[in-house]
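Here are the chains, one letter per residue:
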Amino acid sequence: MKEQTEIGKIKEGRYIVIDEEPCKVVGIATSKPGKHGAAKARIDAVGIFDSVKRSIVSPVSAKTYVPVVERKSGQVLSIAGNMAQLMDMKDFSNFEITIPEDKMGTIEVGKEYMYIESMGKKKFD
């Protein structure tokens with residue numbers, strides 16, 4: 001899910017959709033309006049799920065999409081290699097999620113962990 005908002009209302013630390021990927025904004029630079037156009041904003045962001053740096057330049061009054069990012073809790077049912085099967089604690093749905101390298105030895109079966117969900121993708125928080 002994603003919502004529409006103006007570029008000028010986006011702040012650092014918030015989320016934005018760039019190239020159909022939800023990203024966290026790390027920097028914003030705004031220029032003054034020029035002789036022939038409106039003020040422009042350059043937004044630098046890092047992908048939530050792939051950690052790729054992306055940037056866009058657009059007029060401040062232009063519309064863009066903002067992803068709905070949810071933090072949820074899930075219980076680990078099983079671990080196979082670098083994949084963990086989780087059960088969401090609210091709707092009890094089961095799904096698989098990749099375990100990142102830095103959390104490889106800390107994830108245990110039967111315990112609850114926080115995860116992030118946005119635009120159909122999930123990852124450990």
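Residues numbered from 1 in each chain as written. Predicted model: local features only at pLDDT ≥ 70, side-chain atom pairs only at ≥ 80, totals over all residues. Heavy atoms only, no water.

1. Here's the deal with the domain arrangement of the chain
Link 1 in the chain: According to the domain assignment, the chain consists of domain 1 (2-67) and domain 2 (69-124).
Link 2 in the chain: Relative to domain 2, the C-alpha centre of domain 1 lies at a distance of 29 Å.
Link 3 in the chain: With 9 residues of domain 1 at the interface, the matching set in domain 2 holds 8 residues.
Link 4 in the chain: When domain 1 packs against domain 2, the two sides together hide about 770 Å² of surface, and 69% of this comes from carbon and sulfur.
Link 5 in the chain: Three residues stand out in domain 1 for area buried against domain 2, namely Tyr15, Ile48 and Phe49, and they jointly supply 61% of the buried area on that side.
Link 6 in the chain: For the pair domain 1 and domain 2, the number of links is 1 salt bridge.
Link 7 in the chain: A salt bridge links Glu21 to Lys121; its shortest N-O distance comes to 2.7 Å.
Link 8 in the chain: For the interface between domain 1 and domain 2, the tally reads 3 residue pairs in polar contact (both at pLDDT 80 or more).
Link 9 in the chain: Breaking the side of domain 1 that touches domain 2 down by element, the ones donating at least two residues are β2 (15-18) and β3 (21-30).
Link 10 in the chain: Here the side of domain 1 that touches domain 2 is composed, by residue class, of 6 nonpolar, no polar and 3 charged. (Domains from an automatic or database assignment. Contact = heavy atoms within 4.5 Å. Buried area = accessible area lost by both parts, 1.4 Å probe. Salt bridge = Lys/Arg side-chain N within 4 Å of Asp/Glu carboxyl O. Polar contact = N/O pair within 3.5 Å; in protein donor to acceptor, adjacent residues only side chain to side chain. Helix = DSSP H or I, 4+ residues; strand = E, 2+ residues; numbered from the N terminus. Nonpolar A, V, L, I, M, F, W, Y, C, P; charged D, E, K, R; others polar.)

2. Observations concerning the pattern of salt bridges
Link 1 in the chain: Applying the stated criterion across every chain yields a total of 10 salt bridges.
Link 2 in the chain: Residue Glu20 is joined to Lys2 by a salt bridge in which the shortest nitrogen-to-oxygen separation is 3.1 Å. Placement of Glu20 in the loop between β2 and β3 and of Lys2 in strand β1 (residues 2-6) is noted, with a sequence separation of 18 residues between them.
Link 3 in the chain: Of the residues examined, Glu20 reaches a relative accessible area of 52% and is grouped as exposed.
Link 4 in the chain: Sharing partners across several salt bridges, the network here consists of Glu70, Lys72, Glu117 and Lys122. (Buried < 20%, exposed > 50% of the residue type's maximum accessible area, 1.4 Å probe, protein only.)

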